[in-house]
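Commentary on secondary and tertiary structure
Here is how the chains run, residue by residue.
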Number of protein chains: 2
Amino acid sequence: MSLSKIYKLHLSPDRGFVKRMRNLLGFVPGNIALYKMAFRHKSMAVLLKNGSKSSNERLEFLGDAVLGSVIAEVLFKLYPYKNEGFLTELRSKIVRRANLNQLGRKLGFNELIDFDAKTVNVGSHQSSLLGDAFEALIGAIYLDKGYDFTKSYITERIIKPHIDIHTLELTEVNFKSKLIEWCQRQAKEIAFEPIANADGDSTKLFSVQVLVDGEAIASATDYSKKNAEKLASEKACEVLNV
Amino acid sequence: MSLSKIYKLHLSPDRGFVKRMRNLLGFVPGNIALYKMAFRHKSMAVLLKNGSKSSNERLEFLGDAVLGSVIAEVLFKLYPYKNEGFLTELRSKIVRRANLNQLGRKLGFNELIDFDAKTVNVGSHQSSLLGDAFEALIGAIYLDKGYDFTKSYITERIIKPHIDIHTLELTEVNFKSKLIEWCQRQAKEIAFEPIANADGDSTKLFSVQVLVDGEAIASATDYSKKNAEKLASEKACEVLNV
């Protein structure tokens, strides 16, 4: 083990954090500040000298892109005869916010994320804190270790142990049922409403909004009412982290 | 120069294509079949033994993701104090289909793409043939040469000579004006129509559709009518490659 690693793990003031990272990641981070940033929620943003605020949101932007690219390649190679529509849909099933939140929970992010408990409810279904931090972590690994390293981290330590791609492939998520069941469990009222406008013109397009306890959560437009409801439900599931 | 390169450039049956690729890319491709596939439009798809069809669409899926990731990093590093909202918006300005089509045109893709002229009109504004092939080319380079190579190709040979990021940053695209001007130039009639449904409920949400020569092109929903029109215009510009 290099002297720098020994220092980081046993002597530095960050040694507690570094050990946790080593256990989580399977390697000792190079640039520790990046990993600390990945777990800093915007409610705990640090004010920089130039007046801008620093939290994990920029790393999340980067990590989201790197993750999308790695998953694209994994699927491209895993399904050599499937078309791009299939690949796009399967990727979006894998990186759904609800899945990434669940992943963050399994990886123990609850105890790692630095957030303001007075303003943020980490247990709330509305919160995407865990999934956001997961993406930010991918951004941090990428900046610290490069693309190929990040790709093997994602395939070996995330996909293989935690994501069952073939099951996801076969799962046709019925977002409308999912949303209705969730509302029942949460004792919330759900309604699908056509969106109406002043003019009475009837057209070929249907617009629908989803209301949960009377609050408009999402809307969608399609040539069939059924599809508009399906699309609006999918958006609502995303918003509510169902 | 290696023997393999000499063969590819001067002796192989593909030498004409290989020379064009060398001029376009600045390097001699390794796996030539990948680059040929990148320029194969779906109208010329090859039927594989297993019954699936092969064109540049799968490479486009992969290249789109790799391009998104490279641009994310470029912007992340170029604007260290900007938030993720700024970065997301600027990236989407850079990779807009109309921009990628224009890039493909500048790079001379017109003469490279293998498409069925009987069914596809490459000059049509509806066609995203050029931009799609550009993304597919990025996918091919990635599979052939890896991420770091692709990243320097994009930054050195695409961004530096062809994309003025700072100008794009300052350009607030007014999609509604853009769409209206385009329709005037093309002598097409444009109309924004509220989307109405059977029920007469009035809600807080506005849904608007854009009609060009009476045909519904795109729609959007927002809490303000102005914003709904703006969003619908943006979608219509994307669909029409304006």
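Residues numbered from 1 in each chain as written. Chains lettered and ligands numbered in written order. Predicted model: local features only at pLDDT ≥ 70, side-chain atom pairs only at ≥ 80, totals over all residues. Heavy atoms only, no water.

Going by the annotation in an unreviewed UniProt entry, the name recorded for chain A is Ribonuclease 3, with Pelobium manganitolerans given as the source organism. Taken verbatim from the UniProt record of chain A, the Function (unreviewed entry) comment is "Digests double-stranded RNA. Involved in the processing of primary rRNA transcript to yield the immediate precursors to the large and small rRNAs (23S and 16S). Processes some mRNAs, and tRNAs when they are encoded in the rRNA operon. Processes pre-crRNA and tracrRNA of type II CRISPR loci if present in the organism." In the Cofactor (unreviewed entry) part of its UniProt record, chain A is described as follows: "Mg(2+)". (UniProt positions renumbered as here; feature names shortened; annotations may be inferred.)

1. Observations regarding the overall build of chain A
The number of helices and strands found in chain A is 11 helices and 5 strands. Here the C-alpha coordinates of chain A stretch approximately 75 × 50 × 35 Å along the principal axes. Across the 242 residues that make up chain A, the buried fraction comes to 48%. Considering only contacts within chain A whose residues lie at least 6 apart along the sequence, 54% involve residues at least 24 apart. Distance between charge centres in chain A, computed from 34 positive and 29 negative side chains, equals 9 Å. (Helix = DSSP H or I, 4+ residues; strand = E, 2+ residues; numbered from the N terminus. Buried < 20%, exposed > 50% of the residue type's maximum accessible area, 1.4 Å probe, protein only. Contact = heavy atoms within 4.5 Å. Lys, Arg positive; Asp, Glu negative; His and termini not counted. Charge placed at Lys NZ, Arg CZ, Asp CG, Glu CD.)

2. Re the domain arrangement of chain A
Interface size is commonly expressed as the accessible surface area that is lost when the partners come together. Residues and elements named next belong to chain A. According to the domain assignment, chain A consists of domain 1 (31-170) and domain 2 (175-240). Distance between the C-alpha centres of domain 1 and domain 2: 28 Å. Each side of the interface is counted separately: domain 1 has 4 residues, and domain 2 has 7 residues. Buried surface at the junction of domain 1 and domain 2, summed over both partners, amounts to about 550 Å²; 38% is from carbon and sulfur atoms. In this structure, the connection of domain 1 to domain 2 is made through 0 salt bridges. Scanning the region where domain 1 abuts domain 2 turns up 0 residue pairs in polar contact (both at pLDDT 80 or more). A breakdown of the residues in the side of domain 1 that touches domain 2 according to their chemical character gives no nonpolar, 2 polar and 2 charged. (Domains from an automatic or database assignment. Buried area = accessible area lost by both parts, 1.4 Å probe. Salt bridge = Lys/Arg side-chain N within 4 Å of Asp/Glu carboxyl O. Polar contact = N/O pair within 3.5 Å; in protein donor to acceptor, adjacent residues only side chain to side chain. Nonpolar A, V, L, I, M, F, W, Y, C, P; charged D, E, K, R; others polar.)

3. Structural notes on the side chain of T155(B)
Residue and element names in this part refer to chain B. On the secondary structure map, T155 appears in helix α8 (residues 147-162). Note on T155: relative accessible area 18%, which makes it buried. T155 has contacts with V74 and K160, leaving out every residue within four places of it along the chain.

4. Here's the deal with the sheet that holds strand β4 (residues 206-212) of chain B
Remark on secondary structure: sheet strands pair via backbone hydrogen bonds, oriented parallel or antiparallel. Residues and elements named next belong to chain B. Read from one edge to the other, the open sheet built from 3 strands follows the order β3-β4-β5, with strand pairing classed as antiparallel. Among the strands making up the open sheet, the edge pair consists of β3 (190-194) and β5 (215-222). On average, adjacent strands in this sheet sit at an angle of 20° to one another, irrespective of strand direction. This element, helix α10 (residues 175-185), spans β3 and β4 of the sheet and lies at about 135° to β3. Contacting β3, β4 and β5, helix α11 (residues 225-240) crosses the sheet at an angle of about 140° to β5. (Pairing = 2+ DSSP bridges. Axes fitted to C-alpha atoms, helices over the stretch in contact; angles between N-to-C directions.)

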